[in-house]
Amino acid sequence: MRTPTPQGATRCGDCDRMWTGTAQAHCALCHRHFSSVSGFDLHLTLDGCREPWLVVRKCRAPRFKVVEHKYGPTWVQSVHEPPCTYCEVA
Ligand SMILES: [Zn+2]
Ligand SMILES: [Zn+2]
Ligand SMILES: [Zn+2]
């Protein structure tokens with residue numbers, strides 16, 4: 001039996017992941033969940049979805065970290081610390 005979707009929450013019809021807030025982004029292809037649309041955009045390539053843990057900066061520091069949220073794991077863009085001059089040269 002399905003648990004009812006809490007008020008104000010959104011549920012993915014395929015993987016049953018729920019979330020609240022319009023800022024978050026759920027991928028309908030790989031069903032990973034991102035804390036922001038910009039994070040969602042980062043994992044998406046012309047060839048499809050990338051594994052978030054394979055998305056790295058120029059210096060190969062990871063761009064995402066996963067946090068356990070009430071409704072399941074959420075991929076959050078990690079702060080680049082310590083800052084790296086290599087990456088800042090765009
Ligand atoms: Zn995806
Ligand atoms: Zn889903
Ligand atoms: Zn760097």
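In what follows, the structure referred to is the one given above.
The sections below set out a description of the structure shown in this document. Because the structure is predicted, anything quoted here is derived from the model rather than measured.

**What to know about the overall build of the chain**
Moving on, step 1. Scanning the chain from N- to C-terminus turns up two helices and eight strands.
Moving on, step 2. When its helices and strands are written in sequence order, the chain yields β-β-β-β-α-β-β-β-β-α.
Moving on, step 3. For the C-alpha atoms alone, the extent of the chain along its principal axes is close to 50 × 30 × 20 Å.
Moving on, step 4. Evaluated residue by residue, the chain yields a buried proportion of 12% over its 90 residues.
Moving on, step 5. For the chain, long-range pairs separated by at least 24 residues make up 27% of all intrachain contacts whose partners lie at least 6 apart in sequence.

**So, unusual backbone geometry**
Moving on, step 1. Phi is positive for Asp16, close to 70°, though the residue is something other than glycine.
Moving on, step 2. Mapped onto the elements, Asp16 comes out in the loop between strand S1 (9-11) and strand S2 (18-20).
Moving on, step 3. Look at Asp16 and you get partly exposed, because 13 C-beta atoms sit within 10 Å.
Moving on, step 4. Although it is not a glycine, Arg60 sits at a positive phi angle of roughly 75°.
Moving on, step 5. When you line up the elements, Arg60 lands in the loop between strand S6 (48-49) and strand S7 (64-69).
Moving on, step 6. Arg60 gets classed as exposed once you count the C-beta atoms within 10 Å, which come to 9.

Parameters at a glance
Residues numbered from 1 in each chain as written. Chains lettered and ligands numbered in written order. Predicted model: local features only at pLDDT ≥ 70, side-chain atom pairs only at ≥ 80, totals over all residues. Helix = DSSP H or I, 4+ residues; strand = E, 2+ residues; numbered from the N terminus. Buried ≥ 20, exposed ≤ 12 C-beta atoms within 10 Å, placed from the backbone. Contact = placed C-beta atoms within 7 Å.

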